[in-house]
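Overview (structure and organization)
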Amino acid sequence: MEIIVLPDSDAVARTAADIIEERLRRGPAVLGLATGSTPLGTYRELIRRHREEGLSFAQAQGFPLDEYVGLPASHPQSYRSVIRDEIADHVDFAPGAVHGLDGEAADPAAEADRYERAIAEAGGIDVQILGIGTDGHIGFNEPMSSLASRTRIKTLTAQTRQDNARFFDSLDEVPEHVLTQGLGTILEARHVVLIGLGKAKAAAIAAAVEGPLAALCPASVLQLHRHATVLVDEAAASRLAHTEYYQYTFGRKPAWQGF
Ligand SMILES: N[C@@H]1[C@@H](O)[C@H](O)[C@@H](COP(=O)(O)O)O[C@@H]1O
């Protein structure tokens, strides 16, 4: 794993956008798109580069990580809406190039299998952007998720429902079930970029990076990934102990460009 500590969320967003831009400029790219507040700065930076610098997504495809069960695509908090509103509608993806899990599918298991096939048919994910939950979840793979799991239906923990309640009118409106790419699915992405911002994520980042590989902290599975980059601001890095192994870039070029 490559851990890069940056001074603030803007620097993290620029660095994540650099990684995506570099891949887009190399040809058709399959992007794994996370929701939540963490990647929003990255998406805003990509939109800016599209508008001002001609960065094109015309050859790219996008696969959201997860979706709430029971929310229609038109619900503003469905992850299909969020991805549309925060990135897809503001750049030049070709029609149909941004996929999504159908949270209203009558047969969620069949929908999960369809999604796995769609990712495989696209050639697999080139760059997967990830946020992290305060309990260490990635996608919606809650603690104790199988480290080999595939896309499937999951039940949210009380903590995650509480964390995500800020996006809804009340806690009662937060769905209890979700569809999410599995940890095994995420591990197959060619490059995984985990972003952590703010003090609230410091414990989860420390457990993911320095803790044991354990289903208790699903993000720790990234220790098995052959090309995982962790981008954190100083606050999210504040509980990392082994700082001698990490890059404190502060203005210097991050080393991921060497890959
Ligand atoms: N399913 C999403 C995750 O993909 C995201 O990483 C997490 C953190 O959200 P935030 O970035 O808003 O802290 O929230 C949700 O649970």
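Because the structure is a prediction, the values reported are computed rather than measured. (Residues numbered from 1 in each chain as written. Predicted model: local features only at pLDDT ≥ 70, side-chain atom pairs only at ≥ 80, totals over all residues. Heavy atoms only, no water.)

Attention now goes to the UniProt feature "site: Part of the allosteric site" (unreviewed entry) in the chain. The positions that UniProt labels "site: Part of the allosteric site" (unreviewed entry) are, in the present scheme, S145, R152, K154 and T155. Structurally, the position occupied by K154 is in strand 6 (residues 152-155). According to the relative accessible area criterion, K154 is buried, its value standing at 17%. Ignoring sequence-local partners within four residues, the contact set of K154 consists of F140, E142, S145, E176, H177, V178 and T180. Reaching out from K154, the side chain makes a polar contact with the side chain of S145 at a distance of 3.4 Å. As for its placement among the helices and strands, T155 is situated in strand 6. (UniProt positions renumbered as here; feature names shortened; annotations may be inferred. Helix = DSSP H or I, 4+ residues; strand = E, 2+ residues; numbered from the N terminus. Buried < 20%, exposed > 50% of the residue type's maximum accessible area, 1.4 Å probe, protein only. Contact = heavy atoms within 4.5 Å. Polar contact = N/O pair within 3.5 Å; in protein donor to acceptor, adjacent residues only side chain to side chain.)

How two helices sit against one another is set out by the angle between their axes and by the gap between those axes. Interhelical geometry of helix 1 (residues 9-25) versus helix 2 (residues 40-53) gives an angle of 50 degrees and a closest axis separation of 8 Å. Here helix 2 runs oblique to helix 1, going by the angle between their axes. Note that helix 1 runs across helix 2; the crossing there is right-handed. In this structure, helix 1 contributes A13, R14, A16, A17, D18, I20, E21 and R25 to the contact, and helix 2 contributes G41, T42, E45, L46, R49 and E53. Looking at the contact of helix 1 with helix 2 residue by residue, the class counts come to 5 nonpolar, 2 polar and 7 charged. (Axes fitted to C-alpha atoms, helices over the stretch in contact; angles between N-to-C directions. Parallel < 35°, antiparallel > 145°, perpendicular 65-115°, else oblique. Left-handed = near helix turned anticlockwise from the far one by under 90°. Nonpolar A, V, L, I, M, F, W, Y, C, P; charged D, E, K, R; others polar.)

What follows covers the site of the ligand. If you check the shell around the ligand, you find 13 residues, and the closest are S37, T38, D66, R166 and K201. One of the side-chain N or O atoms of T38 is found 2.5 Å from an oxygen atom in the ligand. Measuring from an oxygen atom of the ligand, one finds a side-chain N or O atom of N164 at 3.4 Å. Against a free-state accessible area of 390 Å², the protein chains account for coverage of 95% of the ligand. For the shell around the ligand, a count of residues per class yields 3 nonpolar, 7 polar and 3 charged. (Near = heavy atom within 4 Å. Areas by Shrake-Rupley, 256 points an atom, 1.4 Å probe, with all protein chains shown as cover.)

Listed under "domain: Glucosamine/galactosamine-6-phosphate isomerase" (unreviewed entry) in the UniProt record, and renumbered for this structure, are residues 11-227. The distance separating the terminal C-alpha atoms of residues 11-227 is 21 Å; by composition the span is 33% helix and 13% strand.

The next thing to look at is the sheet that holds strand 8 (residues 191-196). The 7 strands are arranged 3-2-5-8-9-1-10 in an open sheet whose pairing can be described as parallel. The outermost strands of the open sheet, each flanked by one partner alone, are strand 3 (61-64) and strand 10 (247-248). Of the strand pairs in this sheet, strand 1 (residues 2-6) and strand 9 (residues 228-233) are connected by 5 bridges, and their pairing is parallel. Across the sheet, I3 pairs through a bridge with V230, a residue of strand 9. (Pairing = 2+ DSSP bridges.)

Below, the discussion takes up the sheet that holds strand 7 (residues 177-180). Read across the sheet, 3 strands follow the order 4-7-6 without closing on themselves; strand pairing throughout is antiparallel. Only two strands of the sheet have a single neighbouring strand rather than two, namely strand 4 (66-68) and strand 6. The sheet shows a mean angle of 30 degrees between the axes of neighbouring strands, direction not considered. Direction of pairing for strand 6 relative to strand 7: antiparallel, over a ladder of 4 bridges. Bridge assignment links K154 to a residue of strand 7, and that residue is V178.

Take the packing of aromatic side chains next. On inspection of all chains with the given rule, the structure shows 6 aromatic pairs. Here F63 and Y115 contribute two aromatic rings whose centre-to-centre distance is 5.6 Å and whose plane-to-plane angle is 70 degrees, an arrangement assigned as edge-to-face. Here F63, found in strand 3, pairs with Y115, found in helix 4 (residues 108-121); they are 52 residues apart in sequence, far enough to count as distant. Accessibility classification places F63 together with Y115 in one group, the buried group. By way of ring pairs, the aromatic residues Y68, Y79, F140 and F168 are connected into one cluster. (Phe/Tyr/Trp six-rings, centres within 6.5 Å; stacked < 30°, edge-to-face > 60°.)

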